[in-house]
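Commentary on secondary and tertiary structure
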Amino acid sequence: MYRNIVVLTGAGISAESGIRTFRDQDGLWEQHHIEDVATPEGYAKDIALVERFYNNRWTQLHSGEVCENLAHIALAKLEAEFEGNLLVITQNVDDLHERAGSRRLLHMHGELSKGRCPKSLQTFILREPFGPENCCTCCIPAMRLRPHIVWFGEMPFGMDRIHDALDRCDLFIAIGTSGTVYPAAGFVDSANHHGAQTVEVNLVAPDRHSQFQYHFTGKAGDIMPQLVDNILQGKTIGSESISS
């Protein structure tokens, strides 16, 4: 029976809910170069462009077009019923985990539904799109809020807490993530090093260089409800009762 579980979720789990992924196959972020819309330098160069890019994402998230899926719901169930320690780390900036009921959650790349004061670093719930009138209430004069997003060249949030959890975990599950972008790509190595079982859930079959011990190929919404039920019943990964 597991006592300390760490779950990492990536773009794949949100894609099942209809969230568009930022990065296109040609490496552009919706026809924009990464350095233009996802770096501090790009923001300083053209605030309006960056705000428009994230406002489009914010509008979709709050349009009613997307909602949490069965994988999000399964993880919220795991949190509610699991008697041990659980941390869900998400690379996603949407709030679909929260909508499903997850609270033991760490957004390592920030949150689309929040803006941040560039001076005090205080965060604010974003109730309307970014713009010159969307300012903080912590400074005089008020500062224009920037997206509460970790851009390239910035440190992801909560790394100390993440490493502490990985050091103690006996089960690490990665869902819908390519596992190629660091530091998240190194989480499986850390979990393996500390003796945890490591599990990958992904639409794409693993390559021969994968560091995960177990693989489930398919939609997270199909796999995670059964996987969570088995964990809650005290069954371990790799038993006959778990199948993809």
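In this report, the structure presented in the accompanying data block is examined. Everything numeric here is computed off the predicted structure, so don't read it as measured data.

1. What to know about the sheet that holds strand β5 (residues 123–125)
Strand pairing in a sheet relies on backbone hydrogen bonds. The paired strands run either parallel or antiparallel. As summarised here, the arrangement of the three strands in space is β5-β4-β6, forming an open sheet in which the pairing is antiparallel. Of all strands in the sheet, those bounded by a partner on one side alone are β5 and β6 (146–149). The average undirected angle you get between the axes of adjacent strands in this sheet is 55°. The pairing of strand β4 (residues 110–116) with β5 spans three bridges and is antiparallel. Each residue of the ladder has a partner; that of Arg 116, found in β5, is Thr 123. Contacting β4 and β6, helix α4 (residues 47–61) crosses the sheet at an angle of about 120° to β4.

2. Side note on the sheet that holds strand β9 (residues 214–217)
Sheet architecture is open: six strands sit in the order β3-β2-β1-β7-β8-β9, paired in parallel fashion. Sheet topology places β3 (105–107) and β9 at the edges, where each strand pairs with a single neighbour. Each adjacent strand pair in this sheet contributes to an overall mean axis angle of 15°, direction not counted. Relative to strand β2 (residues 85–90), strand β1 (residues 4–9) runs parallel, the two sharing six bridges. The residue of β2 that forms the bridge with Thr 9 is Thr 90. Set on the sheet, helix α7 (residues 159–168) makes contact with β1, β2, β3 and β7 (171–175); between it and β2 the angle comes to about 130°.

3. Quick word on the pairing of β4
Counting buried residues in β4 gives six out of seven residues, a clear majority hidden from the surface. Here β4 pairs with β6 via three bridges, running antiparallel. The partner of Gly 115 across the bridge, within β6, is Pro 147. Between β4 and β5, which pair antiparallel in sequence order, lie six residues; one of them, Leu 121, sits at a positive phi of approximately 70°.

What counts and how
- Residues numbered from 1 in each chain as written.
- Predicted model: local features only at pLDDT ≥ 70, side-chain atom pairs only at ≥ 80, totals over all residues.
- Heavy atoms only, no water.
- Pairing = 2+ DSSP bridges.
- Helix = DSSP H or I, 4+ residues; strand = E, 2+ residues; numbered from the N terminus.
- Axes fitted to C-alpha atoms, helices over the stretch in contact; angles between N-to-C directions.
- Contact = heavy atoms within 4.5 Å.
- Buried < 20%, exposed > 50% of the residue type's maximum accessible area, 1.4 Å probe, protein only.

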